[in-house]
Amino acid sequence: MTPHRRSIKLVIFDCDGVLVESEPIFNRVLHRYLLYCGARISLVECCAEFTGKSRDAVEDYLTAQSLEVPSGWPGDFYDQALAALSQEVTAIEGAVELVQDLRAKGMDFCVASNGVRDKMKVTLARAGLLPFFGEHMFSAYEVGASKPAPDVFLHAARQFGVPPGDCLVVEDSSSGFEAAKRAGMPCLALLPPALLDSPPAALHGAHRITALQEVAQILGPRVQN
């Protein structure tokens, strides 16, 4: 269902795959790390297994495969990932223009991610988006529960003093769609045209879009209170 534009007071973006094209880079480094740990997994399987998930999912996977979690995890992995992201990540098409539009309309927006804050800072800075968000970045690790738990979305809403129903989440993963539903927030599922024939297992009621430009169209002009 399309969100009711007149009630939206806060836009909450996921980071990876929504604002920045980081997931292919991150998954490539993760795949290489899992192979180092002794896992037998292809890059395609790695992407399917861990996109939108937290580091707990990686630990659970290694344990289920009877593989040892390295003593340097997750620090050494994040060092490798951040090094690659800081050199390669780019903004998702339309992301810069969208946040510029939201700022011009006077609409509040923020980032709420399963990733750590340092990773968000690196990727958003590289993509030219960090100045738009400042400290309005919220990590699931800081609230103690990762998506699909709704905690990080609810925390973001509380920081702005906005009721959950007046927020709009923009997500790209099934765990994010579920988290938005559990938070009582309308959600836009960003699925590029190439993925429409094989969408995530469950949209959890999210409204499907194919490009970020559609967010501004859905919101329309800012309605003054």
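Computed from a predicted model, the values in this text were never measured in an experiment.

Chemist: Would you explain the overall build of the protein chain in this entry?
Modeler: Along its length, the protein chain carries 11 helices and six strands. Taking 2.2 N^0.38 as the reference for a compact globule, 225 residues should give roughly 17 Å; the C-alpha atoms of the protein chain span a radius of gyration of 17 Å, in line with that estimate. By principal-axis analysis of the C-alpha atoms, the protein chain measures approximately 55 × 35 × 30 Å. Looking at the protein chain as a whole, 48% of its 225 residues qualify as buried. Taking as baseline every contact in the protein chain between residues at least 6 positions apart, the subset at least 24 positions apart corresponds to 66%. If you sum the accessible surface of the protein chain, you get close to 10500 Å²; carbon and sulfur atoms cover 51% of it. Taken as two groups, the 20 positive and 27 negative side-chain charges of the protein chain have centres that lie 6 Å from each other.

Chemist: Explain the pairing of strand S1 (residues 10-13) to me, please; I cannot follow it from the model alone.
Modeler: Along a regular strand, successive side chains alternate from one face of the sheet to the other. Every second residue of S1 is oriented toward a common face, with Leu10 and Ile12 on one face and Val11 and Phe13 on the other, all of them buried. Pairing between S1 and strand S2 (residues 108-113): four bridges, direction parallel. By the bridge assignment, Ile12 is partnered in S2 with Cys110.

Chemist: Explain the side chain of Glu171 here, please?
Modeler: Within the secondary structure, Glu171 is located in strand S4 (residues 167-171). When its relative accessible area of 0% is taken as the criterion, Glu171 is described as buried. Looking at Glu171, its side chain comes within polar contact range of the side chain of Lys147, at 2.6 Å. Not counting residues within four places of it along the chain, the set of residues in contact with Glu171 comprises Asp14, Val18, Lys147, Phe153, Gly176, Phe177, Cys187, Leu188, Ala189 and Leu190.

Chemist: What am I meant to see in empty space enclosed by the protein here?
Modeler: A probe matching the size of a water molecule, rolled over the atoms, marks out where space remains unfilled. Enumeration over the complete set of coordinates arrives at two cavities of 30 Å³ or more. Taken as a whole, the largest cavity encloses approximately 320 Å³ of empty space. Asp16, Phe26, Gly52, Lys53 and Lys119 are, among the 26 residues lining the largest cavity, the residues nearest its centre. Mapped by element, the contributors of at least two residues to the lining of the largest cavity are helix H1 (23-36), helix H3 (55-64) and helix H4 (75-88). Take the lining of the largest cavity: its biggest share by element is four residues, from H1. Residue classes in the lining of the largest cavity are distributed as eight nonpolar, nine polar and nine charged.

Chemist: Looking at this structure, I do not really get the packing of aromatic side chains. What am I missing?
Modeler: Geometry of an aromatic ring pair is reported as the spacing of the ring centres plus the angle between the planes. Summed over all chains, the structure comprises 10 aromatic pairs. Consider the rings of Phe109 and Phe133, whose centres lie 5.2 Å apart with planes at 85 degrees: the pair is edge-to-face. You can see Phe109 sitting in strand S2 and its partner Phe133 sitting in helix H7 (residues 130-133), a full 24 residues away along the chain. Across the pair, exposure class does not vary: Phe109 and Phe133 are buried alike. An aromatic cluster is defined as three or more aromatic residues linked by ring pairs; in this entry it consists of Phe26, Tyr33, Tyr36, Trp73, Phe77 and Tyr78.

Cut-offs applied
Residues numbered from 1 in each chain as written. Predicted model: local features only at pLDDT ≥ 70, side-chain atom pairs only at ≥ 80, totals over all residues. Heavy atoms only, no water. Helix = DSSP H or I, 4+ residues; strand = E, 2+ residues; numbered from the N terminus. Rg over C-alpha atoms; globule rule 2.2 N^0.38 Å. Buried < 20%, exposed > 50% of the residue type's maximum accessible area, 1.4 Å probe, protein only. Contact = heavy atoms within 4.5 Å. Areas by Shrake-Rupley, 256 points an atom, 1.4 Å probe, with all protein chains shown as cover. Lys, Arg positive; Asp, Glu negative; His and termini not counted. Charge placed at Lys NZ, Arg CZ, Asp CG, Glu CD. Pairing = 2+ DSSP bridges. Polar contact = N/O pair within 3.5 Å; in protein donor to acceptor, adjacent residues only side chain to side chain. 1 Å grid on protein atoms, 1.4 Å probe; cavity = no way out; pocket = protein on both sides within 12 Å on 5 of 7 lines; lining within 4 Å. Points joined across faces, edges and corners; volume = space filled by probe spheres on them. Nonpolar A, V, L, I, M, F, W, Y, C, P; charged D, E, K, R; others polar. Phe/Tyr/Trp six-rings, centres within 6.5 Å; stacked < 30°, edge-to-face > 60°.

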